[in-house]
Amino acid sequence: MSPDGSTVAFVAFPPGLPSKVMVRPLGDETSREVPGTDWATSMFWSPDGRTLGFFAGGQLKRVELSGGAPVKVCNVPITIGLSGSWGLQGDILFPTVQGDRISRVPAAGGVPVDVKVEPGEGGRVLWPRHLPDGRRFMYTQLTPDSQGRIMLAEPDGRSTPLVTAASQAQWIDSDWLVFVREGTLVAQRVDLAARQPVGEPVSIIGPVAYSAAAGWSNVSASPNGTTAVQWHMDESRVAWFDGNGKETAQIGNPSTYSTVRLAPDGAHMSFTSDESERLQVYVAPFPPTGAKTQV
C-alpha cells in the first residue's frame, strides 16, 4: 500500500512470463505494469510514494513511477522472499531470508552495512519497518519454535520488545501497530515513548494469509490506516509421477506445500508444509499409499 493509501503495488506472475511489479490506484479498475521490473520478488514504496524499491536478479533496485529505467542500489543474494523498508532519512533496510542479519544501504546506492539488532537465543530477525521519524524501526524476532516478538530498534542499537507476535508489523498513525495473530489481523495501541503496549489488541479482520514459520503475512497498511489484505494462501499439491510423466498418486489434500525432495533410493519423498501455522516436515513412501507422515 502506498504511503498515502491511494495505490496498491503487487508482484504478478503471468503464466510463462517473468514476474513483474504492477500498480493499481484504488479509484481505478485496471492495473498497469511498472516497466523494468521483470523477475521482481517483492517491492516497497519510498516515503513520498513516487518511487518503488524492488529485488530482482540478485540486485536491489529503485524505479521512478513517472518513468525511466530502474537504477541499481546494491547487490543482494539471489533468493526469494526479501523485504525492504525505505525511511525518511533516505536509507533502505532489508533482511536476509535466513534472518541472520538486517542490512542498511542508502537509497541513492552504496554498500550495505549490518545493523545492530537483538536476534534472541537461536532466533532470526526479519521484516524491518521504519517508523515515521525515520530513525527508529521495528522488526520481527522469531525463535526456532515459531514464537516471536515485535521489537523496537533504537538508533543506538538498543532493542525493546513491544508485543508478542510471530508476524511482521506495520505502523498506523499515530500510535497503532497492526500485525497478524493466529490468522487474524489485529491492531495494538503502543506508547513509543514508554516502549510498551497500551490496552488489549483489537481484532480487525480474518482470516488472512499468514505463516508463523516465516513471520510472513499478506497484509499492507499505509500510515493513514488504509489496509490491503490477501485473503487466502496459494495452494499446491504433492504427487508421484512415473517415468512417462503419468501421475500415479496424490499425497494428502491440497495445502501450502514446498521444498519437495526425492530420497536417493527413490522410495520416499519429503516436503514441508505450514498448514498447521508451523513449518513441518513430512515424508511419503513409494509405492504410493496417498498417506504422509509428519517427521
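Residues numbered from 1 in each chain as written. Predicted model: local features only at pLDDT ≥ 70, side-chain atom pairs only at ≥ 80, totals over all residues. Heavy atoms only, no water.

Peer 1: Can you break down the pairing of strand S6 (residues 59–64) residue by residue, with the values?
Peer 2: Bridge count between strand S5 (residues 51–56) and S6: six bridges; the pairing is antiparallel. The residue of S6 that forms the bridge with Leu 52 is Val 63. The antiparallel pairing of S5 with S6 creates a hairpin that spans two residues between the two strands, and Gly 57 there sits at a positive phi of about 60°. Relative to strand S7 (residues 71–75), S6 runs antiparallel, the two being bridged by four bridges. Of the residues in S7, the one forming a bridge with Arg 62 is Val 71. (Pairing = 2+ DSSP bridges. Helix = DSSP H or I, 4+ residues; strand = E, 2+ residues; numbered from the N terminus.)

Peer 1: A description of the environment of Trp 127 should follow, citing residues and the corresponding values.
Peer 2: Summarising the element assignment, Trp 127 is placed in strand S12 (residues 124–130). Placed 89 residues apart in sequence, Trp 127 and Trp 216 show a C-alpha to C-alpha distance of 8.2 Å. Residues in contact with Trp 127, not counting those within four places in the same chain, are Ser 83, Pro 95, Met 138, Tyr 139, Thr 140, Gln 168, Ala 214, Gly 215 and Trp 216. Polar contacts involving the side chain of Trp 127 include one to the main-chain carbonyl oxygen of Ala 214, which spans 2.9 Å. Within the local environment of Trp 127, its side chain forms a polar contact with the backbone oxygen of Gly 215, the two atoms lying 3.2 Å apart. (Contact = heavy atoms within 4.5 Å. Polar contact = N/O pair within 3.5 Å; in protein donor to acceptor, adjacent residues only side chain to side chain.)

Peer 1: Got a sec to walk through the sheet that holds strand S9 (residues 91–95)? Specific residues and values, please.
Peer 2: Read from one edge of the open sheet, four strands run S8-S9-S10-S11, paired in antiparallel fashion. Strand pairing shows two members of the sheet lacking a second neighbour, strand S8 (85–86) and strand S11 (113–115), which therefore form its edges. Across two bridges, the pairing between S8 and S9 is antiparallel. Counterpart to Trp 86 in the pairing with S9 is Ile 92.

Peer 1: Provide a residue-level description of the environment of Val 238, including the pertinent values.
Peer 2: Here Val 238 lies in strand S24 (residues 236–241). Among the residues examined, Val 238 registers a relative accessible area of 3% and is labelled buried. Each C-alpha atom, one on Val 238 and one on Ala 56, is 28 Å from the other, the two residues being 182 residues apart in sequence. The contacts of Val 238, once residues within four sequence positions are left out, are Gln 250, Ile 251, Tyr 257, Val 260, Met 269 and Phe 271. (Buried < 20%, exposed > 50% of the residue type's maximum accessible area, 1.4 Å probe, protein only.)

Peer 1: Describe the side chain of Ser 2, listing the residues and the values that go with them.
Peer 2: With respect to the element layout, Ser 2 can be found in the segment before strand S1 (7–12). Discounting chain neighbours no more than four positions away, the residues touching Ser 2 are Thr 7, Trp 45 and Ser 222.

Peer 1: So what's going on with the packing of aromatic side chains? Which residues, and what values?
Peer 2: All chains considered together, the criterion is met by five aromatic pairs. Measuring from ring centre to ring centre gives 6.1 Å for Phe 44 and Phe 55, while their planes differ by 50°; the resulting arrangement is tilted. Of the two residues, Phe 44 is situated in strand S4 (residues 42–45) and Phe 55 in strand S5; the sequence distance between them amounts to 11 residues. Accessibility expressed as a relative area gives 2% for Phe 55, which makes it buried. Between Phe 44 and Trp 86 the ring centres are 6.5 Å apart and the planes differ by 65°, which places this aromatic pair in the edge-to-face class. Here the residue Phe 44 occupies a position in strand S4, and Trp 86 occupies one in strand S8, the gap between them amounting to 42 residues. Side by side, Phe 44 and Trp 86 carry an identical accessibility label, which is buried. (Phe/Tyr/Trp six-rings, centres within 6.5 Å; stacked < 30°, edge-to-face > 60°.)

Don't take any of this as a statement about function, it's just geometry.
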